Amino acid sequence: MEVIINPTPEAASQLAARKIAALVRANPGSVLGLATGGSPVAVYRELIRMHQQEGLDFSRVTTFNLDEYLGLGPAHPASYFNFMWTNLFQHINVRPERVHLPDGLAENVPASCLAYENAIREAGGIDLQLLGIGSDGHIAFNEPASSLSSRTRIKTLTERTRSDNASFFGEGEEVPHHVITMGVGTIMEAREVVLLGFGKGKADAMAAAIEGPVTQMVPASALQFHERACFLLDEASSSKLQRGEYYRHVFANKPAWQRV
Ligand code: F6R
């Protein structure tokens, strides 16, 4: 597990974007797992810049998003479908037929979840999964007490997550109670995972995920068992880590061939 403490969220986002760009350049047919929320927005902005100014080519890339609100269709302004098209997809040359999000309007939810898992498998699995982290340690919408082997399925949001996400909804508009989300087991099968978490509000979750026991009460802690997981923090989100100095030392002394 790699823990990188960055001076600012912007620096961390640039690093994440460089990792994604390096992967796409090495393998233009990469399969990317993508996240929504506030944390990845600057990563997407940098990928758009790389596409527009450096010709980063997404035409053969396939994407799978982590989650979607149940009951929200693509046209809803707070849907993750809309978020992804607004913040990334409409600005790059990704092919619409290669973009996948869970179906928020699915009539048969279990069948739709199974189809999503099958589509990931048929695409050859996810090469790199981008993640945020909830203030309660959730990844995707796997809230505390989610099975660490879980697959794509329906989940009920905690009131804390609903209130954390309320800013993405219009005034007086209800945040849905239910979502479709990749499971922790689905995420663990990605070949590489990059988790972003910034600000004081993420410090407890980051410390618990990185240095606490592996427990379903902190779903992100499952990543301690991942072969290639990279946590990208800023100063504020790293403030509760016990071994912060060591992580800084490791990063400062990385061999040149390991740098992106
Ligand atoms: C989003 C997702 C969530 C968020 C998490 C952090 O697709 O799956 O797990 O990554 O709630 O959200 P932000 O980045 O808004 O703090």
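Read on for a plain summary of the structure. Just so it is clear, the structure is predicted and the values come from calculations on it, not from any experiment. (Residues numbered from 1 in each chain as written. Predicted model: local features only at pLDDT ≥ 70, side-chain atom pairs only at ≥ 80, totals over all residues. Heavy atoms only, no water.)

1. Regarding the pairing of strand β7 (residues 153-156)
Two faces, one strand: in a regular strand the side chains alternate between the faces of the sheet. Alternating positions in β7 separate cleanly, Arg153 and Lys155 being buried on one face and Ile154 and Thr156 remaining unburied on the opposite face. Of the strand pairs in this sheet, β7 and strand β8 (residues 178-181) are connected by 4 bridges, and their pairing is antiparallel. If you follow Arg153 over to β8, its bridge partner there is Thr181. (Buried < 20%, exposed > 50% of the residue type's maximum accessible area, 1.4 Å probe, protein only. Helix = DSSP H or I, 4+ residues; strand = E, 2+ residues; numbered from the N terminus. Pairing = 2+ DSSP bridges.)

2. Quick look at the environment of Asp127
Within the element layout of this structure, Asp127 appears in the loop between α4 (109-122) and β6 (128-131). On a C-alpha basis, the gap between Asp127 and Arg95 in space is 18 Å, while along the polypeptide they are 32 residues apart. Once you skip the residues sitting within four places of it in the chain, Asp127 turns out to touch Leu23, Asn27, Ser30, Val31, Arg191 and Glu192. A polar contact of 2.8 Å, which involves the side chain of Asp127, links it to the backbone nitrogen of Val31. Engagement of the side chain of Asp127 in a polar contact is seen with the side chain of Arg191, the distance being 3.0 Å. (Contact = heavy atoms within 4.5 Å. Polar contact = N/O pair within 3.5 Å; in protein donor to acceptor, adjacent residues only side chain to side chain.)

3. A closer look at the site of the ligand
Around the ligand lies a shell formed by Ala35, Thr36, Gly37, Gly38, Ser39, Leu66, Asp67, Gly132, Ile133, His138, Ala140 and Lys202. The separation between an oxygen atom of the ligand and a polar side-chain atom of Lys202 is 2.6 Å. Burial of the ligand by the protein amounts to 90% of the accessible area it has alone, namely 410 Å². For the shell around the ligand, the class distribution of residues is 4 nonpolar, 6 polar and 2 charged. (Near = heavy atom within 4 Å. Areas by Shrake-Rupley, 256 points an atom, 1.4 Å probe, with all protein chains shown as cover. Nonpolar A, V, L, I, M, F, W, Y, C, P; charged D, E, K, R; others polar.)

4. Observations regarding the sheet that holds strand β9 (residues 193-197)
If you trace the 7 strands from one edge of the open sheet to the other, you get β1-β10-β9-β6-β2-β3-β5, paired in parallel fashion. Of all strands in the sheet, those with a lone pairing partner are β1 (2-6) and β5 (99-100), marking the two edges. Contacts from helix α7 (residues 203-211) reach β1, β9 and β10 (229-234) within the one sheet, and its direction differs from that of β10 by about 150°. (Axes fitted to C-alpha atoms, helices over the stretch in contact; angles between N-to-C directions.)

5. Some remarks on the packing of helix α1 (residues 9-26) against helix α2 (residues 41-54)
In contact at an axis separation of 8 Å, α1 and α2 are set at 50° when each is read in the N-to-C sense. In this view, α1 runs oblique relative to α2, as classed from their interaxial angle. In terms of crossing hand, the pair formed by α1 and α2 is right-handed. Together, Ser13, Gln14, Ala16, Ala17, Arg18, Ile20, Ala21 and Arg25 of α1 and Ala42, Val43, Glu46, Leu47, Met50 and Glu54 of α2 make up the contact between the two elements. Residues belonging to the contact of α1 with α2 are distributed by class as follows: 8 nonpolar, 2 polar and 4 charged. (Parallel < 35°, antiparallel > 145°, perpendicular 65-115°, else oblique. Left-handed = near helix turned anticlockwise from the far one by under 90°.)

6. Description of the pattern of salt bridges
Counted according to the given criterion, the structure contains 15 salt bridges. Arg95 is paired through a salt bridge with Glu97; the nearest N and O atoms lie 3.1 Å apart. On the basis of relative accessibility, which here comes to 53%, the residue Glu97 falls in the exposed class. Between Asp127 and Arg191 there is a salt bridge, with its nearest N and O atoms 3.0 Å apart. With a gap of 64 residues between them, Asp127 in the loop between α4 and β6 and Arg191 in the loop between α6 (184-188) and β9 connect regions that are remote in the sequence. Judged by relative accessible area, which is 15%, Asp127 ranks as buried. Three or more residues joined by partner-sharing salt bridges are found here, namely Arg25, Glu46, Arg49 and Glu54. (Salt bridge = Lys/Arg side-chain N within 4 Å of Asp/Glu carboxyl O.)

7. Focus on α4
When the terminal C-alpha atoms of α4 are compared, their 20 Å separation across 14 residues agrees well with the 20 Å that a helix rising 1.5 Å per residue should span. Along α4, the residues classified as buried are Val109, Cys113, Tyr116, Glu117 and Ile120. On an axial view of α4, the arc spanned by its buried residues comes to 95°, and they lie on one face. Along α4, exposed side chains directed more than 90 degrees from the buried face belong to Leu114, Arg121 and Glu122. The secondary structure elements touched by the buried residues of α4 are β3 (62-65), β5, β7, β8 and α6. Its side-chain oxygen 3.1 Å from the backbone nitrogen of Ala111, Asn108 forms the N-cap of α4. Just downstream of α4, Gly124 is the residue with a positive phi angle, here 100°. (Expected span 1.5 Å × (residues − 1). Arc of directions from axis to C-beta.)

8. Digging into the sheet that holds strand β4 (residues 67-69)
Read from one edge of the open sheet, 3 strands run β4-β8-β7, paired in antiparallel fashion. Both outer strands of the open sheet, β4 and β7, are each paired with one neighbouring strand and no more. Strand after strand, the sheet turns through a mean of 30° between neighbouring axes, direction not considered. Strand direction decides the pairing type here: β4 and β8, joined by 3 bridges, are antiparallel.

In short, the description is geometric, and any link to function would need to be established separately.
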